[in-house]
Structure formats: C-alpha cells, structure tokens
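# Remarks on the overall topology
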Amino acid sequence: MLLSILNSVFCVAFILFAYVNLNDKDSWLWVPIYMVASICCGFAIFNLFILSYTLLPYLSILFMQSSCFLLKTECATG
C-alpha cells in the first residue's frame with residue numbers, strides 16, 4: 001500500500017516536472033526523461049512491472065533517436 005502511494009506521488013511529480021520543463025531550451029532532453037520515469041511509476045502503481053521492463057528499452061531507443069534527430073536539426077539551424 002505504501003509503495004502504491006509513493007509511486008502515485010512520484011508519477012504525478014514527474015508529470016509536473018515535465019510540464020515545468022516545456023519552456024526550456026533543452027526541453028527535448030528532459031521532458032522524455034521525466035515522462036519515461038512517470039510511465040514506469042504508473043505501471044508500478046498497478047503492479048505491471050513486466051510492462052515497465054519490456055517497454056523501457058523501446059522508450060529509451062525512441063528517446064535516443066529523437067534526441068539525435070533534434071541535435072542534428074539544432075546544429076543545422078544555428
């Protein structure tokens with residue numbers, strides 16, 4: 001019960017952290033990190049650890065590809 005409450009608090013906190021970072025110049029880096037952490041906490045609330053373990057590598061790969069794409073476009077534009 002305590003872990004469900006803590007995961008709920010952290011899930012909401014990570015979503016709020018992502019929202020606060022939307023207007024930063026490096027939001028492309030921090031928002032996906034906070035959202036992946038929020039998704040993992042959300043899965044842990046409902047004891048879906050297996051989904052968290054299987055989706056985490058795919059989310060990490062997606063994050064890496066999107067950040068590489070954004071870095072190339074930032075370097076090209078200035």
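Keep in mind that this is a model prediction, so the values were computed, not measured.

### Here we look at a nonpolar patch on the surface
Residues Leu2, Leu3, Leu6 and Phe10 make up a contiguous nonpolar surface patch of about 420 Å² in total accessible area. With respect to the helices and strands, the residue Leu6 is situated in helix H1 (residues 2-20). The exposure class assigned to Leu6 is partly exposed, which follows from its relative accessible area of 37%.

### Overview of the confidence of the model for the protein
The predicted coordinates should not be examined in detail at positions where pLDDT is low. Within the protein, residue pLDDT values average 81, and 82% of them lie at 70 or more. When pLDDT is averaged over each element of the protein, H1 comes out on top at 94 and helix H3 (residues 49-77) at the bottom at 67.

### As for the packing of aromatic side chains
In total, this model carries 5 aromatic pairs according to the counting rule given. Between Phe14 and Tyr34 the ring centres are 6.2 Å apart and the planes differ by 25°, which places this aromatic pair in the stacked class. With Phe14 in helix H1 and Tyr34 in helix H2 (residues 27-45), this pair connects stretches of sequence that are 20 residues apart. Taken together through their ring pairs, the aromatic side chains of Phe10, Phe14, Phe17, Trp30 and Tyr34 make up a single cluster.

### Side note on the packing of H1 against H2
One can describe the packing of H1 onto H2 by two numbers: an axis separation of 8 Å at closest approach and a directional angle of 160°. The orientation of H1 with respect to H2, classified from their angle, is roughly antiparallel. Along this stretch, H1 crosses H2, giving a crossing that reads as left-handed. Across from Ser4, Asn7, Ser8, Phe10, Cys11, Phe14, Ile15, Phe17 and Ala18 in H1, the residues of H2 making contact are Val31, Tyr34, Met35, Ala37, Ser38, Cys41, Gly42, Ala44 and Ile45.

### Brief notes about the side chain of Ser38
Inspection of the secondary structure puts Ser38 in helix H2. Of note is the side chain of Ser38, whose polar atom sits 3.3 Å from the backbone oxygen of Cys11. Setting aside residues up to four positions removed in sequence, Ser38 forms contacts with Cys11, Phe14 and Ile15.

Procedures and definitions
- Residues numbered from 1 in each chain as written.
- Predicted model: local features only at pLDDT ≥ 70, side-chain atom pairs only at ≥ 80, totals over all residues.
- Heavy atoms only, no water.
- Patch = residues over 30% accessible without salt bridge, like charges linked within 9 Å, V, L, I, M, F, W, Y side chains within 5 Å.
- Areas by Shrake-Rupley, 256 points an atom, 1.4 Å probe, with all protein chains shown as cover.
- Salt bridge = Lys/Arg side-chain N within 4 Å of Asp/Glu carboxyl O.
- Helix = DSSP H or I, 4+ residues; strand = E, 2+ residues; numbered from the N terminus.
- Buried < 20%, exposed > 50% of the residue type's maximum accessible area, 1.4 Å probe, protein only.
- pLDDT = per-residue confidence, 0-100.
- Phe/Tyr/Trp six-rings, centres within 6.5 Å; stacked < 30°, edge-to-face > 60°.
- Axes fitted to C-alpha atoms, helices over the stretch in contact; angles between N-to-C directions.
- Parallel < 35°, antiparallel > 145°, perpendicular 65-115°, else oblique.
- Left-handed = near helix turned anticlockwise from the far one by under 90°.
- Contact = heavy atoms within 4.5 Å.
- Polar contact = N/O pair within 3.5 Å; in protein donor to acceptor, adjacent residues only side chain to side chain.

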